[in-house]
Amino acid sequence: MINFRQLEVLKTLLATGSTIATAKSMGLSQSGVSRLLQQLETDLDLRLFDRDKGRLIPTPEAGILARDAETILLGLNRFSGLAEDLRSGAKGPELVRVGLPSSMWENFAPAMMTDFVRDYPSVRIETFFETTSNIARLVEQKVIDFGFLRNEHQALPGIDMEIVATGTSVCVLPEGHELASLKEIHARDLRGVPLILIGRQRPTRMLLDQTFSREAVKQNVKIETHTNSSACSYVAHGLGVAILSSFFANLYQHLPIVQRPFVPVTTQEFALATPSGTSASLAAKALMEALRRQIQISQKRAIG
């Protein structure tokens, strides 16, 4: 029967890439890690890693199972915490779990929580910084109370969506860049310009690639990245220009960067996602309201 430690080994192996690092992280021997992995593969009747000259190479099936393993482990931790409160007889502080895009950890999340923690001093908050698909999965499985995610216009069963923000496509440039003199930027203006692009294979990236293709402009991709925050930071250091949603670019205007509309302008929607058929606690509702307020504050700045 599959157990907690086997799932933990799978998750940690994929994160560290080696049995030695996994053993150190989990406080086990290397042979103990190997034994748990072999037991898991036997119980599942599925090969999760290929062995090549002492190296473990994860199979695609391992990656798929690891995502669910992480959700199960989070659920077990939550269950264990509840049991501990019941054993002690203490009510304990209320807990609110929220999922946010990775690019919102640096400034947005702390600002969102500043007033909330003053008004709800006994409430504990747990933040999950994830991709849109992972946030949706955590909401659907009720691991988190609510999440903020990009609306990809796909059916998300088990999730209620409320659009709370929008953005438009912008080109993010270092201050003083020669293209900053333009009122708007087209793909043709970026011919030969080093680009910092996000989210290969994501719908928004594929639309962007099509725009360059239509204008017969070969992209000069300097950096591929997967967070808006890193893209803005790379731009600020003069490593290239990025094409993002203005929603995220506005979160990083403390950096030496400027925005110009990228044409053709596209609009992005962002939603507050909650599990269908559930009622949020008063504390969760208050944190949702704090999120809405911080959205309004962060998006007031004009492009310039």
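Right above here is the structure, for reference.
To keep things clear, this report deals only with the structure shown in the data block. What you are looking at is a predicted structure, and each value in this text was computed from that prediction instead of being measured.

## Quick look at the pairing of strand β5 (residues 146-150)
- Across the five residues of β5, five count as buried, placing the element largely inside the fold.
- Burial along β5 is two-sided: the face carrying Phe146, Phe148 and Arg150 and the face carrying Gly147 and Leu149 are both buried.
- Bridge analysis of β5 against strand β12 (residues 267-275) gives four bridges, and the strand direction is antiparallel. Of the residues in β12, the one forming a bridge with Gly147 is Ala273.

## Considerations on the layout of surface pockets
- Here the largest pocket defines a volume of roughly 1,000 Å³.
- Taken together, 41 residues form the lining of the largest pocket, with Arg150, Glu152, Arg202, Thr204 and Arg205 sitting closest to its centre.
- The set of elements that each furnish at least two residues to the lining of the largest pocket consists of α6 (132-140), β5, β6 (159-174), β8 (194-198), α7 (203-214), β10 (241-245) and β12.
- Among the elements that make up the lining of the largest pocket, the one with the highest residue count is α7 (six residues).
- A breakdown of the residues in the lining of the largest pocket according to their chemical character gives 16 nonpolar, 19 polar and six charged.
- Two domains each put at least three residues into the lining of the largest pocket: domain 2 (92-164 + 269-302) and domain 3 (166-268).

## Details of the pairing of strand β11 (residues 257-263)
- Most of β11 is tucked away, with six of its seven residues classed as buried.
- Alignment of β6 against β11, held across five bridges, turns out to be antiparallel. Paired with Val172 across the bridge in β11 is Gln259.

About the criteria used
Residues numbered from 1 in each chain as written. Predicted model: local features only at pLDDT ≥ 70, side-chain atom pairs only at ≥ 80, totals over all residues. Heavy atoms only, no water. Buried < 20%, exposed > 50% of the residue type's maximum accessible area, 1.4 Å probe, protein only. Helix = DSSP H or I, 4+ residues; strand = E, 2+ residues; numbered from the N terminus. Pairing = 2+ DSSP bridges. 1 Å grid on protein atoms, 1.4 Å probe; cavity = no way out; pocket = protein on both sides within 12 Å on 5 of 7 lines; lining within 4 Å. Points joined across faces, edges and corners; volume = space filled by probe spheres on them. Nonpolar A, V, L, I, M, F, W, Y, C, P; charged D, E, K, R; others polar. Domains from an automatic or database assignment.

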